[in-house]
Amino acid sequence: MSLTLFYYEFALLVVVALGWLTGRWLVQRYRGRSGLDGRSPEEPEPGSERLTDAIGFVGGAYGILLGLLLVFAVGHFVDTRQVSREEAITAAALFNAVNPYPAESRDPLRHDLVCYMRSAATDDWTAAQQGDLTGSENTNAYAMSVQRQIEALPQEEAVEASNHYFVTEEILDLAKSRQLRLLYALPEIPPVIWLVVYVSAYAFVALMVFHLGRRRWLTTLALPATTLVLAAIIGALIQLDAPFNGIGATLRPVALEAAATRLHDANPEPAAVWDPCERLEAEEWG
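Residues numbered from 1 in each chain as written. Predicted model: local features only at pLDDT ≥ 70, side-chain atom pairs only at ≥ 80, totals over all residues. Heavy atoms only, no water.

Quick one: what's the story with the state of the cysteines, residue by residue and with numbers?
Throughout the structure, instances matching the rule amount to 1 disulfide. Cys-115 shares a disulfide with Cys-277; S-S distance 2.0 Å. Every disulfide takes its handedness from the sign of the S-S torsion; for Cys-115 and Cys-277 that torsion is -90°, giving left-handed. With Cys-115 in helix α3 (residues 103–129) and Cys-277 in the segment after α8 (254–266), this pair connects stretches of sequence that are 162 residues apart. (Disulfide = S-S within 2.5 Å. Helix = DSSP H or I, 4+ residues; strand = E, 2+ residues; numbered from the N terminus.)

And the structure:
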């Protein structure tokens, strides 16, 4: 993701440079046609105040676009964080839901569920970082093992039969939350929107440089400030749009790890439930 960030920021710098060159070319062309080369560099271009409306329109539309994109990206990040929390909550609820069943059925199921949580917090997180919508093969294997053991739970007793519905519902919710988490790993902002962002940046910079004319000290002040703000906003968009990657805005499996720790503290026995987990499947990407 850091490489992606570099590409996007480099593209922005190229666009800003092109906008500056276009603005300077327009200044030279305008002065040449108007015979104004003898004017003081500090004097405003005649009629340049008429550009204020155009700059205001382009800058306002661009600001609204970036603001909406930021809101959209923050919403995507928050939704991803929420679904990862729901996955941890559902796993913990499933751990407790199998309590009425005999130990010989309950404990192996709980062990594999704990292994699922550990694998989801490590292997599956890596799969999400790589944009693998199928997830980790090891996590898939533990999810299937839990599913099979739930299907094999005894239902002779009334409490077992009535509780089986809730256990089945929890494993289905767990699968849904996991799939949503994997889907949220993909960026949501389409390429065409990035094209609009860069075209708008080019137009805004070109108009601003032309409007400032030969007042170089104003250009030297305004252009770096504009570039810095645009780089910060675009950097934030990229980070928030890919919640599992990046710098400063990366989701961590805090909820899954915290849920596993709490379950361990509340249910330390039998110790076999918390035994180390073997790897059931090798990862195709690792």
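Moving on from the coordinates now.
Please give an account of a nonpolar patch on the surface that cites residues and values.
There is a patch of nonpolar side chains on the surface, built from Phe-6, Tyr-7, Phe-10, Val-14, Leu-18, Trp-20, Leu-21 and Tyr-202 and spanning about 790 Å² of accessible area. For the nonpolar patch, the element with the highest residue contribution is helix α1 (residues 2–34), accounting for 7 residues. Structurally, Phe-6 can be placed in helix α1. (Patch = residues over 30% accessible without salt bridge, like charges linked within 9 Å, V, L, I, M, F, W, Y side chains within 5 Å. Areas by Shrake-Rupley, 256 points an atom, 1.4 Å probe, with all protein chains shown as cover. Salt bridge = Lys/Arg side-chain N within 4 Å of Asp/Glu carboxyl O.)

With reference to specific residues and values, describe the packing of aromatic side chains.
One pass over the structure, following the stated rule, counts 7 aromatic pairs. Relative to Trp-194, the ring of Tyr-8 has its centre 4.7 Å away and its plane inclined at 55°; by these criteria the two rings are tilted. Here Trp-194 lies in helix α6 (residues 191–212) and Tyr-8 lies in helix α1, a separation of 186 residues in the sequence. These aromatic residues form a ring-pair network of at least three members: Phe-6, Tyr-7 and Phe-10. Against the face of Phe-95 rests Arg-110, its NZ or CZ located 4.3 Å from the ring centre. (Phe/Tyr/Trp six-rings, centres within 6.5 Å; stacked < 30°, edge-to-face > 60°. Lys NZ or Arg CZ within 6 Å of the ring centre and 35° of its normal.)

Now, about the pattern of salt bridges: what can you tell me, with residues and values included?
Summed over the entire model, instances satisfying the criterion amount to 6 salt bridges. We note a salt bridge from Glu-87 to Arg-181, for which the minimum N-O separation is 2.6 Å. Remark: Arg-181 occurs in helix α5 (residues 158–183) and Glu-87 occurs in helix α2 (residues 51–97); sequence separation between them is 94 residues. Residue Glu-87 shares its accessibility class with Arg-181, and that shared class is buried. Where Arg-181 meets Asp-124, a salt bridge forms, and the shortest distance between an N and an O atom there is 2.7 Å. In this pair, Arg-181 is assigned in helix α5 and Asp-124 in helix α3, connecting sequence segments 57 residues apart. Via salt bridges that share partners, Glu-87, Asp-124, Arg-178 and Arg-181 belong to a single interconnected network. (Buried < 20%, exposed > 50% of the residue type's maximum accessible area, 1.4 Å probe, protein only.)

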